[in-house]
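An overview of the molecular structure
Each chain is listed here by its residues.
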Amino acid sequence: MTVQTHPHETRDLRLAARQGLLPARGSGWLAGFGNLLGKELGEWFCTRRWLWQLLIWLIIIDGFVALLLFVLPVLASIMPALKPTAEAAFGGLPPEFGSVMMYFTMVGIAGTIGVIILAQDEIIQEKQSGTAAWTLSKPAARQAFILTKLLSNIGGALVFIVALPGLIALGEVFLATHQLVPLAPFLAGAGVVLLALIFYISLVILLGVLFASRGPVLGIAFAVMFGGTILKSFFPQILYVLPLSMDGIALMVMQGIPLPAMFISQVIAAAVLSIVFILVALWRFQHIEL
Amino acid sequence: MDTPYNPVIETHNLSKAYKEVQALQDLNLTVKEHSIFGFLGPNGAGKTTTIKILLGLIQPSGGRATIFGQDVQRNSVEIRKRTGYLAQDPRYYEHLTARQILVYTARFFYRGPKDLIEACVQEMLELVGLEDKADRPLRGFSGGERQRLGIAQAQVNYPDLLILDEPAASLDPMGRHDVLEVMEKLRKYTTIFYSTHILEDVQRVSDTVAILNRGKLIAEAPISELLAGDGCSAIYDVTLKSETAESITDAQGRVSGQPWVQNLSMAADDGLTRWQISVSDDAAAEDLLLRLILEDRSLKVKHFGRKTYNLEEVFLELVGKENSK
């Protein structure tokens, strides 16, 4: 290692130059928040991750919408046996609504699997590698650490899973049907599926705080998702609590159909549980030894 | 306002237990401002546990600690604003470059124009000699380079307190030398609290030393006191020359007969006789030992002095005593 010696005068000049810098903002819960959030958002938007995420979700979500709007009708015209399948694919809805239903379904299923996989490592990896201990040896609050993980994942899901594929889906619908999907109801529906994603992101962040390995985090999150889907046939009451029909609710909201009590409860429960998960994660992370 | 000898770190009966393991037991330490405080101990002695408690990364089971007079649990963020820390096995985000790591670190402390932040980072890169590797991703860095980066990120805010956990452990002799040089340079600006098991390094740069064993503090003193053997039994080295063996035997009888002499070991070498006399009363030995020997005027004393220890001897004796309890 080369250690350079500087005369004291030079050091004093450098120190003086630093006087142009101000102490970082934020204290209490918000100490280090801006810097942590900048780093987390940078991981999503300033690395190649954005490109991969964009490609993955455009192919998965908008690919299915395109399949429905462009490929199935062509196949049905070539192979008449496929005609009933092509008609049933829209669920008896006009093509513009049927396509949006496919978008909501894909965000609800593939998007949920995606956010679980993307968020599962956020806390575990930092705890295991020691980077959490390093970061939190700086003036950064533990609450800010958790909140920025949450916000960056929500931001990533919003942009790459909900907003951009949604925009493309609307374009696809217009190209195929020359019909404009009403924007405000569509956004309200997209908000509902986004809420489902927020629920799972919050759950996975909490599990990442509670457990030391990835197994339980993935296992419990997928158990809630797939187990809930199976269980709802036997115990439909869980639909009051778990966000298992959010794609259907999104479509109803978009169509302006009044929601039954069970679905209203499901939306409220998803919001309330997300907040509870994060509050528990914040409280528990305060006491974790790094 | 701080005076030159204000305590920077104080711990009061600080303890930490993990289920059945007592990692730290009633630790009472005082680290004074602008000192280089060596925190010594074998592996598993509780050094890293103490450091992590001081940084708020883990919580004590009992007792309390303050840094800059602030409680480490209640005011951890405020304390960390004035502290730099290098972990024993520093881990950073592997995909970032050294420069990005330092910018990220600096932004926890400063806000302002980007070029000033960059200048501050450049200065740190120069301090540790990483300018030419600053823009390479960290995953290709060697252990020594990571350690240098560790020192740079710990120093980026010009901390009032620098906490270094085994800063030279993974370095080659040259790297160790450089790290110690940086520490000596920084002494006038900051207080350095560092843990290590490399005794040679401690002896070279520390002014105060604490020795920890099995979670217990077994010695804390300025290094000069420890090396004088204040923590150990006093031993006097005497080298004699005599024409006759009887003179030596008589002198040995006179000395051994004193109640404060615990042991006298003798070795002959090249016409000289060497004694090592272990005493229980240092004051009596200082006053009487030489006189007793010189009662026989035919004896020539070639060397007489209290044995000075090196840190390794002090450490081994203290830890050995503690382990045998």
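Residues numbered from 1 in each chain as written. Chains lettered and ligands numbered in written order. Predicted model: local features only at pLDDT ≥ 70, side-chain atom pairs only at ≥ 80, totals over all residues. Heavy atoms only, no water.

Moving on: the overall build of chain B. On a plain count of helices and strands, chain B comes out with eleven helices and 15 strands. Radius of gyration (C-alpha) of chain B: 25 Å, far over the 20 Å computed for a compact globule of 325 residues. Judged by the C-alpha coordinates and their principal axes, chain B covers about 85 × 45 × 40 Å. Residue pairs at least 24 apart in sequence account for 68% of intrachain contacts in chain B once pairs closer than 6 positions are excluded. Approximately 14,500 Å² of chain B is accessible, and the part contributed by carbon and sulfur atoms is 48%. Separation between the mean location of the 38 positive side-chain charges and that of the 46 negative ones in chain B comes to 5 Å. (Helix = DSSP H or I, 4+ residues; strand = E, 2+ residues; numbered from the N terminus. Rg over C-alpha atoms; globule rule 2.2 N^0.38 Å. Contact = heavy atoms within 4.5 Å. Areas by Shrake-Rupley, 256 points an atom, 1.4 Å probe, with all protein chains shown as cover. Lys, Arg positive; Asp, Glu negative; His and termini not counted. Charge placed at Lys NZ, Arg CZ, Asp CG, Glu CD.)

Okay, helix α8 (residues 183-210) of chain A next. When the terminal C-alpha atoms of α8 of chain A are compared, their 40 Å separation across 28 residues agrees well with the 40 Å that a helix rising 1.5 Å per residue should span. Of all 28 residues that make up α8 of chain A, 21 are buried, and the element is covered over most of its length. (Expected span 1.5 Å × (residues − 1). Buried < 20%, exposed > 50% of the residue type's maximum accessible area, 1.4 Å probe, protein only.)

Residue and element names in this part refer to chain A. Across all of its chains, the model carries 24 salt bridges over all chains by this definition. Of the charged contacts in the structure, one is a salt bridge between E126 and K39, with a shortest N-O distance of 3.9 Å. Taken together, the residues E126 in helix α5 (residues 95-129) and K39 in helix α2 (residues 33-45) connect sequence positions 87 residues apart. Judged by its relative accessible area of 4%, E126 falls in the buried class. Of the charged contacts in the structure, one is a salt bridge between E122 and K149, with a shortest N-O distance of 3.3 Å. Of this pair, E122 sits in helix α5 while K149 sits in helix α7 (residues 142-177), placing them 27 residues apart in sequence. Given a relative accessible area of 9%, E122 falls into the buried group. According to the relative accessible area criterion, K149 is buried, its value standing at 2%. Salt bridges here are not isolated pairs; linked through shared partners, they connect K39, E40, E43, E122, E126 and K149. (Salt bridge = Lys/Arg side-chain N within 4 Å of Asp/Glu carboxyl O.)

Once that is clear, we can look at the packing of aromatic side chains. Scanning the model with the defined rule gives 17 aromatic pairs over all chains in all. Relative to F285 of chain A, the ring of F145 of chain A has its centre 5.5 Å away and its plane inclined at 5 degrees; by these criteria the two rings are stacked. Here F285 of chain A lies in helix α11 (residues 261-286) and F145 of chain A lies in helix α7, a separation of 140 residues in the sequence. For F285 of chain A, a relative accessible area of 0% puts it in the buried group. Counting every residue linked through ring pairs, the aromatic cluster contains W134 of chain A together with Y92, Y93, Y104 and F108 of chain B. Lying over the aromatic face of W44 of chain A, R49 of chain A brings its terminal NZ or CZ to 4.1 Å of the ring centre. (Phe/Tyr/Trp six-rings, centres within 6.5 Å; stacked < 30°, edge-to-face > 60°. Lys NZ or Arg CZ within 6 Å of the ring centre and 35° of its normal.)

Let's shift gears to the pairing of strand β3 (residues 36-40) of chain B. On a regular strand, one side chain projects to one face of the sheet and the next to the other, so that they alternate. Residue and element names in this part refer to chain B. Taking burial as the measure, the five residues of β3 include five buried ones, the bulk of the element. The two faces of β3 match: I36, G38 and L40 on one face and F37 and F39 on the other face are all buried. Where β3 lies against strand β9 (residues 191-196), five bridges are found, and the strand directions are parallel. Opposite G38, over in β9, you have Y194 as the bridge partner. Judged from the four bridges that link them, β3 and strand β10 (residues 208-213) form a sheet pairing that is parallel. (Pairing = 2+ DSSP bridges.)

Turning to the confidence of the model for chain B, a few remarks are in order. With 97% of its residues at a pLDDT of 70 or more, chain B has an overall mean of 88. The complex model carries a pTM of 0.83, and its ipTM stands at 0.84. (pLDDT = per-residue confidence, 0-100.)

Moving on: a nonpolar patch on the surface. All names here are of chain A. Judged by side-chain polarity, F64, L67, F70, V71, V74, L75, I78, M79 and L175 come together as a nonpolar surface patch covering roughly 780 Å² of accessible area. Sort the elements by how many residues they give to the nonpolar patch and helix α3 (residues 49-78) lands first, with seven residues. Turning to its location among the elements, F64 is positioned in helix α3. For F64, a relative accessible area of 37% gives the class partly exposed. (Patch = residues over 30% accessible without salt bridge, like charges linked within 9 Å, V, L, I, M, F, W, Y side chains within 5 Å.)

Here we take up the interface of chain B and chain A. Between chain B and chain A, the residue contacts involve 48 residues of the former and 44 residues of the latter. For the chain B and chain A pair, buried surface summed over both sides reaches about 4,400 Å², with 55% attributable to carbon and sulfur atoms. Where chain B touches chain A, the interface holds one salt bridge. Between K16 of chain B and E289 of chain A there is a salt bridge, and its shortest N-O distance comes to 2.6 Å. Taken together, the links from chain B to chain A amount to 19 residue pairs in polar contact (both at pLDDT 80 or more). When residues of the side of chain B that touches chain A are traced back to their parent elements, those giving at least two are β1 (7-18), α2 (76-81), α3 (98-106), β7 (110-111), α4 (114-128), α5 (143-155) and α6 (173-186) of chain B. For the side of chain B that touches chain A, a count of residues per class yields 26 nonpolar, eight polar and 14 charged. Two strands pair when backbone bridges link them, and strand β1 (residues 22-23) of chain A and β7 of chain B are joined in this way by two bridges, in the antiparallel orientation. What sits directly across from L22 of chain A, in β7 of chain B, is R111 of chain B. (Buried area = accessible area lost by both parts, 1.4 Å probe. Polar contact = N/O pair within 3.5 Å; in protein donor to acceptor, adjacent residues only side chain to side chain. Nonpolar A, V, L, I, M, F, W, Y, C, P; charged D, E, K, R; others polar.)

Mapped onto the secondary structure, N213 of chain B falls in strand β10. Among all residues touching N213 of chain B, those that are not within four sequence positions of it are P42, A45, I218, V319, E322 and N323 of chain B.

All names here are of chain B. Read across the sheet, six strands follow the order β6-β8-β9-β3-β10-β11 without closing on themselves; strand pairing throughout is mixed. Both edges of this open sheet fall to β6 (83-86) and β11 (216-222), since each of them pairs with a single strand only. When strand polarity is set aside, the average angle formed by the axes of neighbouring strands in this sheet is 15 degrees. Sitting on the sheet, α6 is in contact with β3, β8 (161-165) and β9, with an inclination near 150 degrees to β9. (Axes fitted to C-alpha atoms, helices over the stretch in contact; angles between N-to-C directions.)

Below, the discussion takes up empty space enclosed by the protein. Residues and elements named next belong to chain A. What the rule picks out here adds up to one cavity of 30 Å³ or more. W44, V115, L118, N153, A157, I161 and I201 together form the lining of the largest cavity. Counting residues per element, the ones that place at least two in the lining of the largest cavity are α5 and α7. In terms of residues, the lining of the largest cavity owes the most to one element, α7, which gives three residues. (1 Å grid on protein atoms, 1.4 Å probe; cavity = no way out; pocket = protein on both sides within 12 Å on 5 of 7 lines; lining within 4 Å. Points joined across faces, edges and corners; volume = space filled by probe spheres on them.)

Attention now goes to the nonpolar core. Y103 and F104 of chain A together with F193 and I211 of chain B are the most contacted members of the largest nonpolar core, which has 180 residues in total. Those residues in contact with F104 of chain A, other than ones at most four positions away along the chain, are F186, G189, A190, V193, D247, A250, L251 and M254 of chain A. V255, W260, I277 and A284 of chain B belong to the second-largest nonpolar core, a separate cluster that totals 19 residues. (Core = buried A, V, L, I, M, F, W, Y, C linked by side-chain atoms within 4.5 Å.)

Next up on the list: α3 of chain B. With eight of nine residues buried, α3 of chain B lies mostly within the body of the structure. Each element contacted by the buried residues of α3 of chain B is listed here: α2 and α6 (131-135) of chain A together with β7, α4 and α5 of chain B.

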